[in-house]
Amino acid sequence: MYSPRLCGQSSPNEVRLPSRPASAKVARRLVLSALASWGLHQHLEAGELLTSELVANAVRHAGGRTIGLYVGRKPGWVRIEVRDSSRSLPCMILAEPRPVNERGRGLKVVDDLADRWGADLLPRGKGVWFELKVRDRN
Ligand SMILES: Nc1ncnc2c1ncn2[C@@H]1O[C@H](COP(=O)(O)OP(=O)(O)OP(=O)(O)O)[C@@H](O)[C@H]1O
Ligand SMILES: [Mg+2]
């Protein structure tokens with residue numbers, strides 16, 4: 001069974017996953033365990049949901065064979081990034097009102113729940129990321 005790990009105490013970590021819908025579940029588990037290991041229980045729900053959205057997007061819209069999942073901490077923030085092999089950037093759809101079952105909701109959810117988010121071009125693709133504020137213990 002394929003069981004990647006992503007759980008350092010404070011160092012950034014990245015794993016590669018197959019670009020398939022089933023990877024969303026693996027990614028969610030990895031993010032949950034990293035957040036829990038850092039004691040960030042208040043961010044489990046948002047971290048899990050937004051990871052699902054970004055992985056679903058990378059799988060559906062980028063068309064590569066693999067995706068990368070990165071979870072890291074820096075003072076005051078936790079960052080989750082999903083990397084794919086396409087250099088097309090995501091585009092949040094702002095039209096309102098929208099029917100409940102229409103596509104184009106994922107990034108709106110990311111925009112609503114993340115403290116900040118964005119996308120960066122990489123030499124061979126891009127990373128779409130979100131960050132959540134954390135209160136660092138002294
Ligand atoms: N990783 C990505 N690579 C390329 N294009 C992307 C990526 N993520 C999002 N996009 C583009 O941004 C648009 C908006 O993304 P969003 O997640 O909001 O909607 P969706 O994926 O089309 O539908 P939904 O998330 O509601 O199932 C997508 O339709 C797609 O064109
Ligand atoms: Mg989407």
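Residues numbered from 1 in each chain as written. Chains lettered and ligands numbered in written order. Predicted model: local features only at pLDDT ≥ 70, side-chain atom pairs only at ≥ 80, totals over all residues.

J.: Any chance you could break down the overall build of the chain for me, citing the residues and the numbers?
T.: Along the backbone of the chain there are 3 helices and 5 strands. Along the chain direction, N to C, the helices and strands of the chain fall in the order β-α-α-β-β-α-β-β. Buried residues in the chain amount to 28% of all 138 residues. Put simply, 64% of the contacts in the chain that link residues at least 6 apart link residues at least 24 apart. (Helix = DSSP H or I, 4+ residues; strand = E, 2+ residues; numbered from the N terminus. Buried ≥ 20, exposed ≤ 12 C-beta atoms within 10 Å, placed from the backbone. Contact = placed C-beta atoms within 7 Å.)

J.: Quick one: what's the story with helix α3 (residues 106-113), residue by residue and with numbers?
T.: Restricting attention to buried positions, one finds in α3 the residues G106, L107 and V110. Take α3 and look down its axis: the buried residues cluster within an arc of 90 degrees, on one side only. Buried positions along α3 lie against α2 (44-62), β4 (116-122) and β5 (125-133). (Arc of directions from axis to C-beta.)

J.: Break down the site of ligand 1 for me, citing the residues and quoting the values.
T.: Around ligand 1, 19 residues are found, and the nearest of them are N57, P90, R103, G106 and L107. The set of elements that each furnish at least two residues to the shell around ligand 1 consists of α2 and α3. Take the shell around ligand 1: its biggest share by element is 6 residues, from α2. Of the residues assigned to the shell around ligand 1, the class counts are 8 nonpolar, 6 polar and 5 charged. (Near = placed C-beta within 6 Å. Nonpolar A, V, L, I, M, F, W, Y, C, P; charged D, E, K, R; others polar.)

J.: Lay out the pairing of strand β2 (residues 66-74) with the relevant residues and their values.
T.: By the bridge criterion, 6 bridges tie strand β1 (residues 13-18) to β2 in an arrangement that is antiparallel. When the sheet's bridge partners are listed, P18 is paired in β2 with T66. Where β2 hands over to strand β3 (residues 77-84), the hairpin turn is made up of 2 residues, of which G76 adopts a positive phi near 85 degrees. (Pairing = 2+ DSSP bridges.)

Spatial relationships are all this shows, so hold off on functional conclusions.
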